[in-house]
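Listed below are the residues making up each chain.
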Amino acid sequence: MLLIAGLGNPGPTYAKTRHNIGFTAVDEIARRWDFGPWRSRFQGFAAEGSIPTPDGPVKTLILKPQTFYNESGRAVGEALKFFKIEPENLIVFYDEIDLAPGRFRMKAGGGAAGNNGVRSITAQVGPYFRRARLGTGHPGQKELVHGHVLSEFHKADRQWVEPLIEAVAEALPLLAAGEDEKYQTEVMRLAPADKVDPRKAARGEL
């Protein structure tokens, strides 16, 4: 069984912000693969379904923690323990400021790289989970990061946000089959995005 968690902040105030692209991604996954209705569980909203793979369907729980971003580990840890899911079968979708807008990278294990949501999950379940990192770009200066992640996407951002979200949902059978590298490649094939240094881009140095 897989647990797919999207990170974000609860409530309409944050719905369209960069920090909530993880919620947006799992919403589209649930829609694309016809998951059951969202229910209030594990300090969050959860939906159950399955993802088709060559070896048969993989039972999957999608979770949107409602604990606020920096406390995401509380909800994720509770769900993981309830279903006795190993951390390597946990996949977390979240915004990554160190990737250019529209870029996508899978990563297994490692540190939090300053992401408090990832740090919270690591504190609960250890570092050995899979990370689906959705590039949202960097504001260029460290002191601007907080405002950047909590700001809403601009209208112009739709040209990369929407294809990226559709791609991560469409290619999901590869991820469910454990083919993380192929999944990453397929997402970038479906939703190409320029590979640039996000900090230099923000400062106009490219």
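Scroll up a little and you will see the structure.
Here's a quick rundown of the structure. (Residues numbered from 1 in each chain as written. Predicted model: local features only at pLDDT ≥ 70, side-chain atom pairs only at ≥ 80, totals over all residues. Heavy atoms only, no water.)

### Some points on the overall build of the protein chain
Here is step 1: Helix and strand counts for the protein chain stand at eight helices and seven strands.
Here is step 2: Here the C-alpha radius of gyration of the protein chain, 16 Å, is about what a compact globule of 206 residues would show, namely 17 Å.
Here is step 3: Dimensions of the protein chain along its principal axes, counting C-alpha atoms only, are 45 × 35 × 30 Å.
Here is step 4: Residues classed as buried in the protein chain amount to 51% of the 206 residues present.
Here is step 5: Look at the contacts in the protein chain between residues 6 or more apart in sequence, and 68% of them connect residues 24 or more apart.
Here is step 6: When the accessible surface of the protein chain is summed, it comes to about 10,100 Å², and 50% of that surface belongs to carbon and sulfur atoms. (Helix = DSSP H or I, 4+ residues; strand = E, 2+ residues; numbered from the N terminus. Rg over C-alpha atoms; globule rule 2.2 N^0.38 Å. Buried < 20%, exposed > 50% of the residue type's maximum accessible area, 1.4 Å probe, protein only. Contact = heavy atoms within 4.5 Å. Areas by Shrake-Rupley, 256 points an atom, 1.4 Å probe, with all protein chains shown as cover.)

### Examining the nonpolar core
Here is step 1: By size, the foremost hydrophobic cluster in this structure holds 34 residues, and its most contacted members are F93, F104, V168, L172 and Y183.
Here is step 2: Broken down by element, this core gets its largest block of residues, seven residues, from helix 5 (residues 158–170).
Here is step 3: L3, L7, I121 and F129 belong to the second largest nonpolar core, which has 21 residues in total. (Core = buried A, V, L, I, M, F, W, Y, C linked by side-chain atoms within 4.5 Å.)

### Regarding the side chain of S120
Here is step 1: Secondary-structure assignment places S120 in helix 3 (residues 116–125).
Here is step 2: Of note is the side chain of S120, whose polar atom sits 2.8 Å from the backbone nitrogen of G73.
Here is step 3: For S120, the contacting residues outside a window of four places in its chain are N70, E71, S72, G73 and R74. (Polar contact = N/O pair within 3.5 Å; in protein donor to acceptor, adjacent residues only side chain to side chain.)

### Looking at helix 2 (residues 72–83)
Here is step 1: Taking 1.5 Å per residue, twelve residues should reach 16 Å; helix 2 reaches 17 Å between its end C-alpha atoms and fits that length.
Here is step 2: Backbone geometry just after helix 2 places K84 at a positive phi near 55°. (Expected span 1.5 Å × (residues − 1).)

### Examining the packing of helix 5 against helix 7 (residues 180–190)
Here is step 1: Orientation of helix 5 relative to helix 7, taken along the N-to-C sense of each, is 140°, at an axis distance of 9 Å. It follows from the interaxial angle that helix 5 and helix 7 lie oblique. For the element pair helix 5 and helix 7, the recorded crossing hand is right-handed. Of the residues in helix 7, those touching helix 5 at L164, A167, V168 and E170 are Y183, V187 and L190.
Here is step 2: For the contact of helix 5 with helix 7, the class distribution of residues is six nonpolar, no polar and one charged. (Axes fitted to C-alpha atoms, helices over the stretch in contact; angles between N-to-C directions. Parallel < 35°, antiparallel > 145°, perpendicular 65-115°, else oblique. Left-handed = near helix turned anticlockwise from the far one by under 90°. Nonpolar A, V, L, I, M, F, W, Y, C, P; charged D, E, K, R; others polar.)

### Brief notes about the pairing of strand 7 (residues 130–135)
Two faces make up the sheet, and in a regular strand the side chains alternate between them.
Here is step 1: With six of six residues buried, strand 7 is to be regarded as a mostly interior element.
Here is step 2: The alternating pattern of strand 7 places R130, A132 and L134 on one face and R131, R133 and G135 on the opposite face, and all of these are buried.
Here is step 3: The pairing of strand 5 (residues 90–96) with strand 7 spans six bridges and is parallel. The residue bridging V92 from the neighbouring strand is R131, located in strand 7.
Here is step 4: With five bridges joining them, strand 6 (residues 104–108) and strand 7 adopt antiparallel strand pairing. Residue pairing for strand 7: M106 is matched across the bridge by A132. (Pairing = 2+ DSSP bridges.)

### Focus on the sheet that holds strand 3 (residues 44–51)
Here is step 1: In spatial order, the strands read 2-3-4-1-5-7-6; together these seven strands make up an open sheet with mixed pairing. Across the chains shown, the open sheet's two edge strands, defined by having one partner strand only, are strand 2 (39–41) and strand 6. Here the average twist between neighbouring strands, direction ignored, is 30°.
Here is step 2: Strand direction decides the pairing type here: strand 1 (residues 2–6) and strand 5, joined by four bridges, are parallel. What sits directly across from A5, in strand 5, is V92.
Here is step 3: Strand contacts of helix 5: strand 5, strand 6 and strand 7, with the helix running at about 155° to strand 7, the strand carrying the most contacts.

### Things to note about helix 1 (residues 21–32)
Here is step 1: In a regular helix each residue adds 1.5 Å, so twelve residues correspond to 16 Å; helix 1 covers 16 Å between its end C-alpha atoms and thus fits that length.
Here is step 2: For helix 1, the full list of buried residues reads I21, G22, F23, A25, V26, E28, I29 and A30.
Here is step 3: Buried residues belonging to helix 1 abut strand 1, strand 4 (58–65), strand 5, strand 7, helix 5 and helix 6 (172–176).

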